[in-house]
Amino acid sequence: AAHLKTLGLPLGTPAMKTVVDMGAGDGANLAVFQEDYGMNGIGLTMSMDSAPHLEAMGARGLIGLRHSLAKALPFADGAFDLLHSRMSGLGFAGARAESRAERLKGVAALIFEWDRVVRPGGYLVQHGWMLSSPVTANWDRRFVEDEVKARIARGETASASALAEQEYFGFMNSTATHVLELARRLHWKTVFWQVSKRGSRIDFIFQKPYHRKRLAV
């Protein structure tokens with residue numbers, strides 16, 4: 001939770017009193033929001049075996065909820081001043097997709113949901129989004145293997161491992177580009193954006209606009 005002190009956001013001020021923590025785990029970050037900054041919030045866990053996480057959050061006096069990211073978030077429009085996600089969140093979006101295109105659609109659907117539940121002027125923070133997390137690695141690997149087989153069948157002579165590396169990091173970078181395009185359409189203000197050199201991790205802070213008549217084309 002040490003990263004929270006480096007965000008540069010007005011945590012705990014009248015402008016930022018409510019938070020939803022996506023992929024809250026045992027509630028460590030949510031506890032900091034509540035205990036150090038006096039914020040009120042709820043933690044969502046996407047784990048299939050969520051009982052230990054929910055019990056840990058309950059023991060800390062936190063509100064936890066298990067929720068599938070394949071469904072709309074169970075909150076009203078503009079319910080939170082801050083949406084926070086660390087090491088997960090978007091990494092789960094579209095994890096069971098049958099194609100890369102479906103995977104990106106899953107990411108887009110979740111980002112639109114994130115935008116919906118954050119109030120105008122609120123913030124969306126993703127810290128350490130590992131584009132191929134332990135949860136999604138098998139699906140990502142399958143996509144890569146399918147593309148490598150197709151390229152070899154077309155007569156490409158590079159080694160399978162070299163082609164796999166190209167495909168993997170190509171997909172990771174295209175995902176990052178996809179997120180930026182969605183942010184542009186939603187008129188989000190970029191407060192912070194960073195992609196690792198090999199494209200395997202994204203960190204960002206966006207601010208939702210106070211006024212938005214329609215989405216950009």
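It should be noted that the structure appears before, not after, this text.
The structure displayed is predicted, hence computed values, not measured ones.

Draft legend 1. Examining the overall build of the chain more closely. Summing up its helical and strand segments, the chain has five helices and seven strands in all. Helices and strands appear in the chain in the N-to-C order β-α-β-α-β-β-α-β-α-α-β-β. Buried positions account for 46% of the 217 residues belonging to the chain. Long-range contacts, defined as pairs at least 24 residues apart, comprise 67% of the intrachain contacts of the chain with a sequence gap of at least 6. Total accessible area on the chain is roughly 10,700 Å²; 55% of this is exposed by carbon and sulfur atoms.

Draft legend 2. Examining the packing of aromatic side chains more closely. Using the criterion set out here, one finds five aromatic pairs in the structure. Geometrically, the ring pair formed by Trp188 and Phe206 is tilted, given 5.1 Å between the ring centres and 40° between the ring planes. Residue Trp188 is found in the loop between α5 (160-185) and β6 (189-195), and its partner Phe206 is found in strand β7 (residues 201-207); the two are separated by 18 residues along the sequence. Just as Trp188 is buried, Phe206 falls in that class too. With a centroid separation of 6.1 Å and an interplanar angle of 10°, the aromatic rings of Trp193 and Phe204 are classed as stacked. With a gap of 11 residues between them, Trp193 in strand β6 and Phe204 in strand β7 connect regions that are remote in the sequence.

Draft legend 3. Examining the packing of helix α3 (residues 100-117) against α5 more closely. Two elements in contact, α3 and α5, have axes whose closest approach is 11 Å; the angle formed by their N-to-C orientations is 35°. Relative to α5, α3 is oriented so that their crossing is right-handed. Listed contacts from α5 to Arg100, Arg103, Leu104, Val107, Ala108, Ile111 and Phe112 of α3 are Glu167, Phe171, Thr175, His178, Val179, Leu182 and Arg185.

Draft legend 4. Up close: the pairing of strand β1 (residues 18-22). By the criterion of burial, β1 is predominantly enclosed, with four of the five residues buried. Both β1 and strand β2 (residues 40-45) contribute to a ladder of five bridges, which runs parallel. Across the sheet, residue Asp21 finds its bridge partner in β2, namely Gly43. Judged from the four bridges that link them, β1 and strand β4 (residues 80-86) form a sheet pairing that is parallel. Bridge assignment links Asp21 to a residue of β4, and that residue is His84.

Draft legend 5. Quick peek at the nonpolar core. By size, the foremost hydrophobic cluster in this structure holds 29 residues, and its most contacted members are Val20, Met22, Phe75 and Trp114. Elements supplying a minimum of two residues to this core: β1, β2, β4, α3, β5 (118-130), α5 and β7. Counting residues in each nonpolar core, the second largest holds 18 residues, with Leu9, Val19, Ala24 and Met39 among its members.

Quick notes on the rules
Residues numbered from 1 in each chain as written. Predicted model: local features only at pLDDT ≥ 70, side-chain atom pairs only at ≥ 80, totals over all residues. Heavy atoms only, no water. Helix = DSSP H or I, 4+ residues; strand = E, 2+ residues; numbered from the N terminus. Buried < 20%, exposed > 50% of the residue type's maximum accessible area, 1.4 Å probe, protein only. Contact = heavy atoms within 4.5 Å. Areas by Shrake-Rupley, 256 points an atom, 1.4 Å probe, with all protein chains shown as cover. Phe/Tyr/Trp six-rings, centres within 6.5 Å; stacked < 30°, edge-to-face > 60°. Axes fitted to C-alpha atoms, helices over the stretch in contact; angles between N-to-C directions. Left-handed = near helix turned anticlockwise from the far one by under 90°. Pairing = 2+ DSSP bridges. Core = buried A, V, L, I, M, F, W, Y, C linked by side-chain atoms within 4.5 Å.

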